[in-house]
Amino acid sequence: MYVGRDFSPSDEGESEIYSLDFVRDCAAGETIASAAWHCTVADDSEVQDEDAASRVSGSSSNSGTVSSQRIAGLVDGVKYVLQAVVVTNQGNTKSLWSHVTCGVPQ
């Protein structure tokens, strides 16, 4: 599910932690047990990045209903989709995603 707003633009070469909060998707007492993050190029991106999946760096960090992931090496002009697929302590699988654009959109 789209989170409803995009991340602030990133500059080429930056390495940042991005976080998604599943609080609205979790029941009382439900927390994130594990997460897998994915980085792909948005369908409407004017610039492509054949190595988008490799922009996910290291392991995710999860605390309560928040999952965080380092994303590094984004390419100037590319609009990316960052998606977190989590499994909760109750065995439920949930997904959230948002966009991040590298560079200032023209």
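Structure first, text after, so check above.
Undergrad: Tell me about the packing of aromatic side chains, and please be specific about residues and values.
TA: Counted according to the given criterion, the structure contains two aromatic pairs. Aromatic side chains Tyr 2 and Trp 97 sit 4.8 Å apart centroid to centroid with 45° between the ring planes, which places their arrangement in the tilted category. You can see Tyr 2 sitting in the segment before strand E1 (15-21) and its partner Trp 97 sitting in strand E6 (residues 93-101), a full 95 residues away along the chain. A residue is classified by how much of its surface remains accessible, and Tyr 2, at 33% relative accessible area, is partly exposed. Judged by its relative accessible area of 27%, Trp 97 falls in the partly exposed class. Both rings, one in Phe 7 and one in Tyr 18, keep their centres 4.9 Å apart while their planes meet at 75°; by these two values the pair is edge-to-face. With Phe 7 in the segment before E1 and Tyr 18 in strand E1, this pair connects stretches of sequence that are eleven residues apart.

Undergrad: Residues and numbers for the sheet that holds E6, please.
TA: Within the open sheet, the three strands sit side by side as E2-E5-E6. Their pairing is antiparallel. Among the strands making up the open sheet, the edge pair consists of strand E2 (32-41) and E6. Strand-to-strand twist in this sheet, taken as the mean axis angle between neighbours without regard to direction, amounts to 20°. Of the strand pairs in this sheet, strand E5 (residues 79-88) and E6 are connected by nine bridges, and their pairing is antiparallel. Bridging across to E6, Val 87 finds its partner in Thr 93.

Undergrad: How would you sum up the pairing of E5? Please name residues and give values.
TA: When you tally the buried positions in E5, you get seven out of ten residues, the bulk of the element. Across nine bridges, the pairing between E2 and E5 is antiparallel. Across the sheet, the residue bridging to Ala 36 is Val 85, located in E5.

Basis of the calculations
Residues numbered from 1 in each chain as written. Predicted model: local features only at pLDDT ≥ 70, side-chain atom pairs only at ≥ 80, totals over all residues. Heavy atoms only, no water. Phe/Tyr/Trp six-rings, centres within 6.5 Å; stacked < 30°, edge-to-face > 60°. Helix = DSSP H or I, 4+ residues; strand = E, 2+ residues; numbered from the N terminus. Buried < 20%, exposed > 50% of the residue type's maximum accessible area, 1.4 Å probe, protein only. Pairing = 2+ DSSP bridges. Axes fitted to C-alpha atoms, helices over the stretch in contact; angles between N-to-C directions.

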